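Structural overview
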Amino acid sequence: MSQNDSLQEQGLNRSVKSRQLMMIAFGSSIGTGLFLGSAGSIQYAGPAVLISFALVGVIVYFLMRMLGEMAVEHPVSGSFAAYSRAFIGPVAGFITGWNWWFTTVVVGMLELTAMGTFLDFWFPTLPHWVTALVTLLLVVVLNLFNVRVFAATEYWLSLIKVAALVLMIVLGFALVVGLGPDEAIGFSNITEHGGFMPNGISGVLFALVAVTFTFGGIMSIGTAAGEADNPEKAIPRAVNSVVWRILVFYLGGIGTILLLAPWNEQESNESPFIRVLSGVGFGPAATALNVVIVVAVFSVLNTMTYSGARMLRDLARNGQAPRAFAATSAKGLPTKALFFDAALMGTVVILNFFFEGKIFAVLLAIIVGTELITWVGICISHLNFRKTSKSATFPAPLYPVANWVCIVFFVLVLVLMGILPEYRMGLATLTGWIIVLGLISLTTQRSHA
């Protein structure tokens, strides 16, 4: 298949509207990483974790603009895999595509696991494997409707959690300045307990790894571009609005919990948001927020299921996965790819049955590594894309300086993963995964030669 063929979309319906495209990106970015994973990053850096979020936010902004520039010119569901294939080479496309597909499956497994953790708030005796199984079945059924139903559902799910975050930030500000029923909490939780940067610069750096996981799902906006109804307008609007809004929500949300409670009282196995609201006497608000968090987890799982099926289909279309996965139904849905992905995600039901409470940290470490592969693919593809593109409708800023800044950041995160014991498994998995994919790709190419 030629480069031009691989950058043409066929079989899918362009039914995703601009506002829905924005919410799909929200849906995959405001979930377990923020509501649960942020506790780990706070433990590393204390209040200075806000610096970590801001730094990763800048990197994500650059990457989103790079992806957005390529997606406007070539809006395909294969997204960064198609761009790696076209602008780096077949092996890079193979690795990037299969890696994103793998990422969506592992993130799906993590969200299914997290669902049990959040439902413990109400049902502490309910086995996690039961919640994982029921949640997976609901998501698969939802994805069997046409893409308009998926996009509309994701829009409203994401709107709910965005609204809840805004309300929590407003409520937190009211409590800090004394607009609530009690005296003002003030800023003592930021300045005391070791100060703003209790663990020094090293704490800020170590927190970068966990924060990177938090931002990873935002790139799913690329796979939705292949079904955007007006990609030339929808993609720039979605990219620009998603980046600054998520930065506001992340910094505002994390800042709120840091102001309301001491950073060193956070536990890595529970949501800092729920803990803080319960601790300041807002039990009903904590209950309501937990409902929103459950919605958020479902939303991320929904988006990852959608995105993974599209990526597997793109790989099949380009001869890099079994051809059967390229088929679409009369509704324009890659149902075979969807069922295959769901079956793999379903293995987490068994894992939660035998190893309940032990697999979340392992999955998180693996995801950080796989996210870096996706980000590297976007960054290098964009470098080469600019060499072949004479003009850009939606040019990424600071090219090529921003590309090299991102590459330095990737190297830094890899070094940090090697230093932190809890992420070494993720680094080892990343290394082995790249080697396996590279060997399979080379073997496949030789067999087709």
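Definitions and cut-offs
- Residues numbered from 1 in each chain as written.
- Predicted model: local features only at pLDDT ≥ 70, side-chain atom pairs only at ≥ 80, totals over all residues.
- Heavy atoms only, no water.
- Helix = DSSP H or I, 4+ residues; strand = E, 2+ residues; numbered from the N terminus.
- Buried < 20%, exposed > 50% of the residue type's maximum accessible area, 1.4 Å probe, protein only.
- Contact = heavy atoms within 4.5 Å.
- Areas by Shrake-Rupley, 256 points an atom, 1.4 Å probe, with all protein chains shown as cover.
- Salt bridge = Lys/Arg side-chain N within 4 Å of Asp/Glu carboxyl O.
- Axes fitted to C-alpha atoms, helices over the stretch in contact; angles between N-to-C directions.
- Parallel < 35°, antiparallel > 145°, perpendicular 65-115°, else oblique.
- Nonpolar A, V, L, I, M, F, W, Y, C, P; charged D, E, K, R; others polar.
- Disulfide = S-S within 2.5 Å.
- pLDDT = per-residue confidence, 0-100.
- Phe/Tyr/Trp six-rings, centres within 6.5 Å; stacked < 30°, edge-to-face > 60°.
- Core = buried A, V, L, I, M, F, W, Y, C linked by side-chain atoms within 4.5 Å.
- Left-handed = near helix turned anticlockwise from the far one by under 90°.
- Patch = residues over 30% accessible without salt bridge, like charges linked within 9 Å, V, L, I, M, F, W, Y side chains within 5 Å.

Topic: the overall build of the protein
For the protein, the count of helices and strands is 19 helices and 0 strands. Put simply, the protein has 449 residues, and 59% of those count as buried. Contacts spanning at least 24 positions in sequence make up 84% of the contacts within the protein whose residues lie at least 6 apart. Total accessible area on the protein stands at roughly 16,900 Å², and carbon and sulfur atoms take up 68% of it.

What about the pattern of salt bridges?
Across all of its chains, the model carries 2 salt bridges by this definition. Linking Glu 69 and Arg 386 is a salt bridge whose minimum nitrogen-to-oxygen distance equals 2.7 Å. Here Glu 69 is found in helix H4 (residues 49-73), whereas its partner Arg 386 is found in helix H17 (residues 360-388), with 317 residues between them in sequence. On the basis of relative accessible area, Glu 69 is assigned to the buried category, the value being 1%. A relative accessible area of 21% places Arg 386 in the partly exposed class.

Focus on the packing of helix H7 (residues 128-143) against helix H16 (residues 347-354)
Close contact between H7 and H16 brings their axes to 8 Å; oriented N to C, the two are set at 170 degrees. Regarding the angle of H7 to H16, the classification is roughly antiparallel. Contact residues: H7 offers His 128, Trp 129, Ala 132 and Leu 133, while H16 offers Val 349, Asn 352 and Phe 353. The class makeup of the residues in the contact of H7 with H16 is 5 nonpolar, 2 polar and no charged.

Points about the state of the cysteines
For the coordinates displayed, the defined rule picks out 0 disulfides. Free cysteine Cys 379: the closest other cysteine sulfur is in Cys 406, separated by 4.9 Å. With relative accessibility at 0%, the residue Cys 379 sits in the buried group.

A few points about unusual backbone geometry
Cis geometry is adopted by the peptide bond preceding Pro 400, which originates at Tyr 399 and carries an omega value of -5 degrees. Here Pro 400 lies in the loop between H17 and helix H18 (401-419). Of note, His 193 is a non-glycine position whose phi angle comes to about 60 degrees, a positive value. Tracing the backbone shows His 193 in the loop between helix H9 (188-191) and helix H10 (200-215).

A closer look at the confidence of the model for the protein
Put simply, the protein has an average pLDDT of 81, and 84% of its residues get 70 or more. Across the protein, the element-wise mean pLDDT spans from 49 in helix H1 (residues 3-6) up to 94 in H18.

Describing the packing of aromatic side chains
For the structure on display, the rule yields 14 aromatic pairs. Ring geometry for Phe 53 against Tyr 250: centres 5.8 Å apart, planes inclined by 85 degrees, an arrangement best described as edge-to-face. Within this pair, whereas Phe 53 is found in helix H4, its partner Tyr 250 is found in helix H12 (residues 231-260), the two being separated by 197 residues in sequence. The same class applies to Phe 53 as to Tyr 250, namely buried. Among the aromatic residues, those joined into a ring-pair cluster are Phe 94, Trp 98, Trp 101, Phe 325 and Phe 340.

Let's talk about the environment of Phe 360
Among the structural elements, Phe 360 can be located in helix H17. For Phe 360, a relative accessible area of 17% puts it in the buried group. Residues Phe 360 and Thr 113 lie 247 residues apart in sequence; the distance between their C-alpha atoms is 6.7 Å.

Considerations on the nonpolar core
Most often, soluble globular proteins have nonpolar side chains that are buried together. In terms of nonpolar packing, the biggest core is built from 132 residues, with Leu 63, Met 219, Trp 375 and Tyr 423 touching the most fellow members. By residue number, the principal contributor to this core is helix H14 (residues 283-317), which donates 17 residues. In contact with Met 219, other than residues within four places in its own chain, are Val 60, Leu 63, Met 64, Leu 67, Phe 80, Trp 100, Trp 375 and Ile 378.

A few points about the packing of helix H6 (residues 90-119) against H7
How two helices sit against one another is set out by the angle between their axes and by the gap between those axes. With their axes 8 Å apart at the nearest point, H6 and H7 run at an angle of 120 degrees to one another. Compared by their axis directions, H6 and H7 come out oblique. For the element pair H6 and H7, the recorded crossing hand is right-handed. For the pair formed by H6 and H7, the contact residues are Leu 112, Thr 113, Met 115, Gly 116, Thr 117 and Leu 119 on the first element and His 128, Thr 131, Ala 132, Thr 135 and Leu 136 on the second. Residues of the contact of H6 with H7, tallied by class, amount to 5 nonpolar, 6 polar and no charged.

Digging into the environment of Ile 378
Along the polypeptide, Ile 378 turns up in helix H17. Spatially, the C-alpha atom of Ile 378 lies 9.2 Å from that of Met 70, the residues being 308 residues apart in sequence. When residues no more than four places from it in sequence are discounted, the contact partners of Ile 378 are Leu 63, Met 66, Leu 67, Met 70, Phe 80 and Met 219.

Quick word on helix H5 (residues 79-87)
Given 3.6 residues to a turn, an α-helix orients residues that are three or four positions apart in the same direction. Extensive coverage of H5 is indicated by the burial of 9 of its 9 residues. Along H5, the residues classified as buried are Ser 79, Phe 80, Ala 81, Ala 82, Tyr 83, Ser 84, Arg 85, Ala 86 and Phe 87.

A closer look at a nonpolar patch on the surface
The grouping of Ile 51, Leu 55, Phe 196, Met 197 and Ile 201 at the surface amounts to a nonpolar patch, some 400 Å² of accessible area in total. In this fold, Met 197 is placed in the loop between H9 and H10.

Concerning the side chain of Thr 113
Tracing the backbone through its elements, the reader meets Thr 113 in helix H6. Here Thr 113 is in contact with His 128, Val 348, Asn 352, Ile 359, Phe 360 and Leu 363, once residues within four sequence places are set aside.

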